[in-house]
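Residue-level structure breakdown
Read off the chains here:
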Amino acid sequence: METLHKNVGIDQDYKIEISDKLNLLLANYQVHYMNLRGMHWNVKGSNFFLLHEKFEELYTEATETVDEIAERILTLDQQPLHTFEDYLDNKTIRIIKEVSDGATGISLLIDNLNELLIQEREILELSSDNNDEGTATLVSDLISGQEKLIWMLKSTLQ
């Protein structure tokens, strides 16, 4: 049983600190997911088919990301947030409500993605400084994908 409690190079105080930051990211991703669902359902206009499909693709990806973040928190022996109340109490991104115009939705989505990037970069720096390769890899991959998505969304608005 000694192996269950063996220190593998990640300090307990750090696990709590990084899990708190991951929980904030998790809360924001849950709101991000719901924003994408709402935009998927409510988009109208000449780009309906394109955006309806794209928003569905993005919310499907967001569900996978939510799961990855929660599982990373569990891997660090901490508890992920899991109620809507927790998500709303901890979110920092804007709730996108009653938006049917595709360009407006895309602009709001870009703003929220930028907020997620700020949080992810903070987590990346902290995890890298603490030799937490698992967390660093997770957020590094998120950052790369979001930077590309933001570029594509901005290009759509031009």
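Presented here is a report on the structure given in the accompanying data block.

Conventions used here
- Residues numbered from 1 in each chain as written.
- Predicted model: local features only at pLDDT ≥ 70, side-chain atom pairs only at ≥ 80, totals over all residues.
- Heavy atoms only, no water.
- Phe/Tyr/Trp six-rings, centres within 6.5 Å; stacked < 30°, edge-to-face > 60°.
- Buried < 20%, exposed > 50% of the residue type's maximum accessible area, 1.4 Å probe, protein only.
- Helix = DSSP H or I, 4+ residues; strand = E, 2+ residues; numbered from the N terminus.
- Core = buried A, V, L, I, M, F, W, Y, C linked by side-chain atoms within 4.5 Å.
- Contact = heavy atoms within 4.5 Å.
- Axes fitted to C-alpha atoms, helices over the stretch in contact; angles between N-to-C directions.
- Left-handed = near helix turned anticlockwise from the far one by under 90°.
- Salt bridge = Lys/Arg side-chain N within 4 Å of Asp/Glu carboxyl O.

Further remarks concern the packing of aromatic side chains. Following the criterion strictly, the structure yields 3 aromatic pairs and no others. On the numbers, 5.2 Å between centres and 75 degrees between planes, the contact of Phe 48 with Phe 49 is edge-to-face. Residue Phe 49 is classed as exposed on the basis of its relative accessible area of 70%. Ring centres of Phe 84 and Tyr 87 lie 6.2 Å apart, and the angle between their planes is 85 degrees; on these two criteria the pair is classed as edge-to-face. Note that Phe 84 and Tyr 87 are positioned in helix H3 (residues 84-90) at a spacing of 3 residues, about one turn of the helix. With a relative accessible area of 64%, Phe 84 lands in the exposed category.

So, about the nonpolar core. In this structure, Leu 25, Leu 26, Leu 36, Phe 55, Ile 69 and Leu 109 are the most contacted members of the largest nonpolar core, which totals 44 residues. At the level of secondary structure, the elements contributing two or more residues to this core comprise helix H1 (12-42), helix H2 (48-75), helix H4 (102-129) and helix H5 (133-157). No other element matches H1, which puts 11 residues into this core. Ignoring anything within four residues of it in the chain, the contact list for Leu 109 reads His 32, Leu 36, Met 39, Phe 55, Leu 58, Ile 96 and Leu 153.

Quick look at the packing of H1 against H5 now. In contact at an axis separation of 12 Å, H1 and H5 are set at 30 degrees when each is read in the N-to-C sense. Relative to H5, the crossing made by H1 is left-handed. Contact residues: H1 offers Ile 18, Leu 22, Leu 25 and Tyr 29, while H5 offers Thr 135, Val 139, Leu 142 and Gln 146.

What follows is about the side chain of Ser 19. Tracing the chain through its elements places Ser 19 in helix H1. When neighbours within four sequence positions are excluded, Ser 19 is seen to be in contact with Ile 73, Leu 76 and Gln 78.

Throughout the structure, instances matching the rule amount to 5 salt bridges. Residue Asp 77 is joined to Lys 15 by a salt bridge in which the shortest nitrogen-to-oxygen separation is 3.3 Å. Of this pair, Asp 77 sits in the loop between H2 and H3 while Lys 15 sits in helix H1, placing them 62 residues apart in sequence. Overall, Asp 77 belongs to the exposed group, its relative accessible area being 58%. Owing to a relative accessible area of 12%, Lys 15 belongs among the buried residues under this scheme. Between Arg 72 and Asp 132 there is a salt bridge, and its shortest N-O distance comes to 2.6 Å. With a gap of 60 residues between them, Arg 72 in helix H2 and Asp 132 in the loop between H4 and H5 connect regions that are remote in the sequence. No difference in accessibility class separates Arg 72 from Asp 132, as the two residues are buried.

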